[in-house]
Structures are given as C-alpha cells and as structure tokens.
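# Breakdown of the fold
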Amino acid sequence: MTAGRAVSKTLCLLFSPGFSGGQWSVGEDSQKRPRKPGSRGAGRRRRLVSLTRSRTLPAWPRLGDQVTQRKRKMKGIKKSLTEEYLYLDFSHQIEGCIFPLHTSVTLFLLSYCDCKIFKVGLVLTEESTDISLKNAVPQDVEIQIISRQELPAIVQNCCLPAVVEKPDNFCRAGLAVVLRHIIQKSYEADSSKKEILELLGFKKTCLKACAEVSQWTRLCELTIPLAIENFLKESSDQHPTIPAEILQLERKLGEPVRVHNDDKLRRQKLKQQKAAGGGPALRQVHRQETSEELDSSSKSLELQVAFSKFTVYEEPATTNREPSHIRKAKVSDLPPLEHVFAEGLYFTLADIVLLPCIHHFLAIICKKLSEKLIEFPLLAAWYQRIQEVPRVKAAASQCGIQFLHLPELLTTSNEQDANLSEVPGVEEQNDASFLGGPRPTMTKLMEKGIEVMFSPHPCPTWTLDWSNLPAAVSPKEGKMSSDRALRKQQQLNNLVYVVTSQAKPGDRIVDFCSGGGHVGIVLAHMLPLCQVTLIENKELSLIRAKKRSDELGLSNIWFIQANMEYFTGMFNIGVALHACGAATDMVIEHCIKTRAAFVTCPCCYGFIQNTSKFNFPKSEQFKKTLSYKEHMILCRFADQTAVQLPAQRRLIGKQCMCLVDLDRARAAEERGYSVQVISMEPESCSPKNNMIVGVPI
C-alpha cells in the first residue's frame, strides 16, 4: 500500500461524513478501494464496521475476554496500570452550565476526547445549593458527588481540578496540568486518536508554561474563566460590565499569527492574493457537516491550512515550486497570517478551554446586551468557526451547550481599533539596552549604606556521608556527569544542613520547583518523621523522582505536579534549589503567607522582571534608591558568574547577585522575618551559589 493511500484511509476512518453525535462509520473514500474478500484488510474493515453499530465506543475490556483483547491490540489500546480519580469543584448549575467554569471546561474535554478512564468526583463547595446535574454531564462518565472531607489527603492540599493516582501520593492539580493529562491518557488509551494529541499544539507546548510567567496561559486558565463567572453573576440582577479580559481576547484574535512554517505559508498567501479572482476555489471536502458559510468564507489560505487537519481533499496538494516573484518577495512585503483559532491556525487545547466560557458570555450578550455584539466580530467569527470542528457540536451537546445562531458581523478595521483602544494593555517594559554597567548602580546603593555583605556560613565543612547512603538518594543516579553530580552533592550539603537543623518531628517540608527530586528525596530519607512534598510543573521530572522514591521505599513523601500557586496546604519549611528567575520570589512569598521558614538558592537572575504579582525592587529600602531599570541592571549582571568568564567579571557578578538577594531579604524582613544571605561552600559548587535563609520571628 502506498503512503498516500494509507494516509487517506486513516483520515477517512477518523473524520468520515457519517460521524455525528458519537457515531462512527466507514467513509466514502474507503468504499472506492474494495479489498478482496480473503485479504487481511477486508477482515479488519469488517471489524471496524462492526464497531459503528453502537452509539459509543465499547466499554473497557474485562480480563479474559479474548475477542475484545484482540481488538484492543489491533487498535493500539493500552490498559492503564494505575487507577486514577478526577476531582472537580461543584458549586451550582445555571442553564446547563456547571460552576465553577473550570469544571465545565474539564467535562467538555472529557466529552470531546470520549474519555472514560477516570472516575470523576464532584466536590461540593461551601456555595453548593443544588446538587442536581441536568444535561451538563457527558454520558457514560462515572460521577460521584462527595464532600471536601472525603478527598484524599494529598488532594485536600491542592486547588481543584486535580487528578490523583493510587496509592494517593502522586497528584496533578490546576486546570492546564489536568487537561493536558487527560489528553495524554486519552491518547495512551487509544493511539489511533492522533487528533486528540494534536490538541497540545506544536511541540506539545499548548498551555504548558505556568500562569505565573505566561500571559497567555494566565488569560486562558485563570482570568477569563473568573471574569466570565463574575460577569454571569452580575447579569442576574443588574446591567453587567464587559470584562476587560474579553476585550483583551478580541485584540489577541486580531494580532498576526506566528507559526513554525510562517514564511512558507505567507508566501503561499501572497501567491493566492495575486492570483486572478482571489485564487483557485477550494477543492470539495469530504464532510457533510461543512456549512455553506464555511464553503463561502474558506477561500483564505488560513482556513485551508486549519481545516486540512480535519478533512480529506479529493486531489493531493500541489508541490510545484513557487513563481520567482513570490520566492524573491521581501519578508516585509508578505501578508500576515490571520487567526483561525485561539492560538493561530490550529485547533488546540486553548480553544477547548475558551469555548464554554465564551459561549456563556455570548449567551448573556445576545439576551441582554445585543447592541454590544458588534464589538466582538473576531470572537463571534471564532465561535462560529469552532462549531465546524469534528465532534465539537456532539461534545458540547452532551455538556448542555446549545450553540447560538449569531448574526453576521461586518466591522471595519477602524471600528475594531476604536473598540480595542479601550483595552488596558500590558505594562510596557523598560528599554532592554542597558548602558554604563552595574558600577554606577552599586555606587548609588553604597551612598545609601547598602553594601555587599554575606552572613557567615553556619557549618562550611559539614557534608552528608554519601558513601553510606542508598544509591537512589544520590544525584549520581540521575543522568548527569560525575563532575556535575559531585557539584550537586555539594549544593545539597548546604541546603540539607540548614533544613535539618531547623526541622522538628512532624514538620511538613515542601520542595518547590523540585525537578528530579534531588533535594526532596534526600530530606525524606534523612527526616523520616517529617512529611516531604515535591512540587514541580514538569511531569517527566516528577515521574523520575517518584521512581527513585519507590526504589527507596519512602512512605513520607508526596508528589504534586502543579504550579506552586495551586498548592494550598500548610507547611513549616519551604526549600527551593535553583528556582529560576522570579520563581524564587514566588517561593518566598508562598512561605511568608504560610509563616513558614524558607531556604532558597536563586538562579537565572537575568530572567527577573515585573510580573502580575511582583514589582522590583521589592523592599522599601531599595525602592527609595533604585528605579526598576537600575534594578534590572543588577539582575542582568548577576548572571555573569560562569567559570569561563574573567575573574574580575565573575566578582562583579557575585556582588550583583548579593545585592539582588539583599533586596529579597530586606523585603522579607519588612514582613516579620529574620533573613540571612549566605554563600554556599565551596563556592565552586555552582556559579549560582547564594542561599537566602529566612525564619519567621
């Protein structure tokens, strides 16, 4: 079989015209290439056809059912080795929408992925009044309503939604993390669902960056759902105000799209624009649900590219070389690509998150503020276009979302600009071209009595007896060179000494930004009477840490994949080794709010910048002396401590590191802490060798 026929067959089976509302059928293209009755392909096709007769996919197979096992092996279905429970907040339900919206979004994804591998628990909140679930929960999803007190202990320390694996020591928390996990598990359960995996976008990075550092993740995961919830509450008894976040999203949809093959697509668009009559018409698409509106508007290259993932064309795409005038066109002369979906050209997890939120927003607009609808032409176009994605309508219907029929909106670019000019923009960053180096800034601080000064190391020669520790405790078990492993051991000597000298039996210790668990695993082994929790946003790093913990048989350790703001538990000591940029400040802030001691080793000073939570400098003493730009000069030069740099330059870098960390220390002291900035021993253990140790007074 040729590659082209194989691809055509696969796409035809996945996106056939007979698919609607959970039903599957063999597509028209498969009937054009009949197999011989005795061929292997014909038998496989008969088995596939037999699956289309039921409304839903078969239930998970029982052991011993040999026929089902053969089908499962054929389709690449993998049995989950661990039982997983998905916990969602449940406050109330209004017109088919479950609140909070995070829950509606998660249920919509479960429906879209046809995912039945999780046992779902709806957790009643304090605001819960009505526990009826009318037309808002996907069919065949096993759901149980429980109280917060019934949650596993590890989940009680996290914000929902959350997924926990048995035996209840590995938890994933936060909307983006949980949704990405549902997608991964759905694909692992049935590897033929490649379109599900594509929800994660290019290089599987959609909503992967944490909300603290990514404005886009924060907008989708936090600010828009919360803004829509508040908007819906206001609409019940008064004239609601349009959320600024919705205006921000409208503006986002009007920005040019950047994709990995940007230049190629923009040249194709230029060729299309120069072609007579706007270019050749689109080839006929094999999808019955394609609307007349899409047929008439899908002449743009962006729509062709976007919907090519869901469709099969009658004729293959041409591979002719572009004309000379197209190839030689300047980049500045190429037309920009326009949004088809939320992140650009392709349907991703961001669209899944936004759909329930935007649907309920538009429902109120159409009902009470219809004159405002013209202000959102791009949002309305996105809302109508997303309905053309296969399975979206069926999934939405199962979750109580009945799509609105919006009027066609025609708005000129000038009108759009006028509407969007009201949107509060992101704070403009200072000019990144720093002049003059750090010396003028350091001199300015010295004139105010702020000098580079380290506290003495409490025990510079102390070290763990690494030779007598189990192998899985040592960082040498990780994938790193022997020299790097030795330096990691030296770093751990410093942090472990400070933590163990403060910890008491029964204390809870949190290793923030834990990575592969080098700090947390050593602490859990050395302090068996303390509970140690590892918090990390990267799944693979945390899985490696759990594997090492299992080898050691540790029973006093938890693993939480989440952004640190989703961890809400109480603890006594927070520790972080080389938390990048402002992540160190997030760790310190988390500890201060809990009145916990902290031991942090900062890293990546050059990445420090103002965020939605922090403004630099942080302390009143530094604010009175330095501007934001001057503080950024210190941060920029604090990163110049690499061993290959000249000694004098490294010295200046070390001094800048100290001053940046002194600002952090002064800010904590202003909030009732005793803080020391200490240099690790030996200093060669890392170019970033400062420790900030804080204890509540």
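What you see is a predicted model; the values in this text were computed from it and never measured.

Within the chain one finds 26 helices and 14 strands. Counting every position in the chain, which comprises 697 residues, the buried fraction comes to 51%. Considering only residue pairs separated by 6 or more positions, the chain has 73% of its internal contacts joining residues 24 or more positions apart. Of the roughly 33600 Å² of accessible surface on the chain, a fraction of 51% belongs to carbon and sulfur atoms.

Pairing in this open sheet of 12 strands is mixed, and the strands run S5-S4-S1-S6-S7-S10-S9-S8-S11-S12-S14-S13 from one edge to the other. Taken across any chain shown, the strands that pair with only one partner, and hence form the sheet edges, are strand S5 (143-146) and strand S13 (673-679). With strand direction ignored, the average angle separating the axes of adjacent strands in the sheet is 20°. With 5 bridges connecting them, strand S8 (residues 508-512) and strand S9 (residues 531-536) associate as parallel partners. Of the residues in S9, the one forming a bridge with Asp511 is Leu534. The sheet contacts of helix H7 (residues 175-189) involve strand S1 (84-90), strand S4 (118-124), strand S6 (162-165), strand S7 (170-173) and strand S10 (557-561), and relative to S7 the element is tilted by about 115°. With respect to the sheet, helix H23 (residues 583-594) is in contact with S8, strand S11 (573-580), strand S12 (597-603), S13 and strand S14 (690-696), its orientation differing from that of S12 by roughly 175°.

Counting 84 residues, the largest nonpolar core has Tyr112, Phe361 and Trp382 as the members making the most contacts within it. When residues in this core are grouped by element, the largest group, 12 residues, is from helix H15 (residues 349-368). The contacts of Phe361, once residues within four sequence positions are left out, are Ile228, Phe231, Ile242, Pro243, Ile246, Phe376 and Leu379. One finds Ile592, Ala596, Tyr673 and Ile692 within the second-largest nonpolar core, a separate group that totals 63 residues.

Each pair of aromatic rings is reported with the distance of its centres and the angle of its planes. Evaluation of the coordinates by the stated rule reveals 11 aromatic pairs. Ring centres of Phe170 and Phe559 lie 6.2 Å apart, and the angle between their planes is 20°; this geometry places the pair in the stacked category. A residue pair is termed long-range when its members are at least 10 positions apart, and Phe170 in strand S7 and Phe559 in strand S10 qualify at 389 residues. Under the relative-accessibility criterion, Phe170 is labelled buried at 2%. In this structure Phe559 comes out as buried when scored by relative accessible area, which is 0%. Here the aromatic rings of Phe512 and Phe571 are separated by 5.7 Å at their centres, their planes lie at 70°, and the arrangement is edge-to-face.

This part covers helix H20 (residues 482-502). Taking 1.5 Å of rise per residue, the 21 residues of H20 would be expected to cover 30 Å, and the 30 Å separating its terminal C-alpha atoms lies within 8% of that figure. Residues Ala485, Lys488, Gln489, Gln490, Gln491, Leu492, Asn493, Asn494, Leu495, Val496, Val498 and Val499 constitute the buried set of H20. Buried residues belonging to H20 abut S8, helix H21 (518-526), S11, S12 and S14.

Below, the discussion takes up unusual backbone geometry. Between Phe99 and Pro100 the backbone carries a cis peptide bond, its omega angle lying at 0°. Relative to the elements of secondary structure, Pro100 occurs in the loop between strand S3 (97-99) and helix H5 (101-113). Put simply, Leu160 and Pro161 share a cis peptide bond, and its omega is 10°. Considering the arrangement of structural elements, one finds Pro161 in the loop between helix H6 (153-156) and S6. Positive phi, normally seen in glycine, also occurs at Arg391, with a value near 75°. Tracing the backbone through its elements, the reader meets Arg391 in the loop between helix H16 (377-386) and helix H17 (392-398).

Under the counting rule described, the total for this entry stands at 20 salt bridges. The closest approach of N and O atoms between Lys504 and Asp507, which form a salt bridge, is 3.7 Å. A residue is classified by how much of its surface remains accessible, and Asp507, at 6% relative accessible area, is buried. Arg664 is the partner of Asp585 in a salt bridge, and the nearest nitrogen-oxygen pair spans 3.0 Å. Taken together, the residues Asp585 in helix H23 and Arg664 in helix H26 (residues 647-669) connect sequence positions 79 residues apart. Look at Asp585 and you get buried, because its relative accessible area is 0%. Classification of Arg664 by relative accessible area gives buried; the value is 2%. A single network of salt bridges, built from pairs that share partners, joins Asp585, Lys618, Asp661 and Arg664.

A separate point is the environment of Thr461. Structurally, Thr461 can be placed in the loop between helix H19 (439-447) and H20. For Thr461, a relative accessible area of 71% puts it in the exposed group. Taking the C-alpha atoms as reference, Thr461 lies 7.6 Å from Glu681; in sequence the two are 220 residues apart.

How each quantity is defined
Residues numbered from 1 in each chain as written. Predicted model: local features only at pLDDT ≥ 70, side-chain atom pairs only at ≥ 80, totals over all residues. Heavy atoms only, no water. Helix = DSSP H or I, 4+ residues; strand = E, 2+ residues; numbered from the N terminus. Buried < 20%, exposed > 50% of the residue type's maximum accessible area, 1.4 Å probe, protein only. Contact = heavy atoms within 4.5 Å. Areas by Shrake-Rupley, 256 points an atom, 1.4 Å probe, with all protein chains shown as cover. Pairing = 2+ DSSP bridges. Axes fitted to C-alpha atoms, helices over the stretch in contact; angles between N-to-C directions. Core = buried A, V, L, I, M, F, W, Y, C linked by side-chain atoms within 4.5 Å. Phe/Tyr/Trp six-rings, centres within 6.5 Å; stacked < 30°, edge-to-face > 60°. Expected span 1.5 Å × (residues − 1). Salt bridge = Lys/Arg side-chain N within 4 Å of Asp/Glu carboxyl O.

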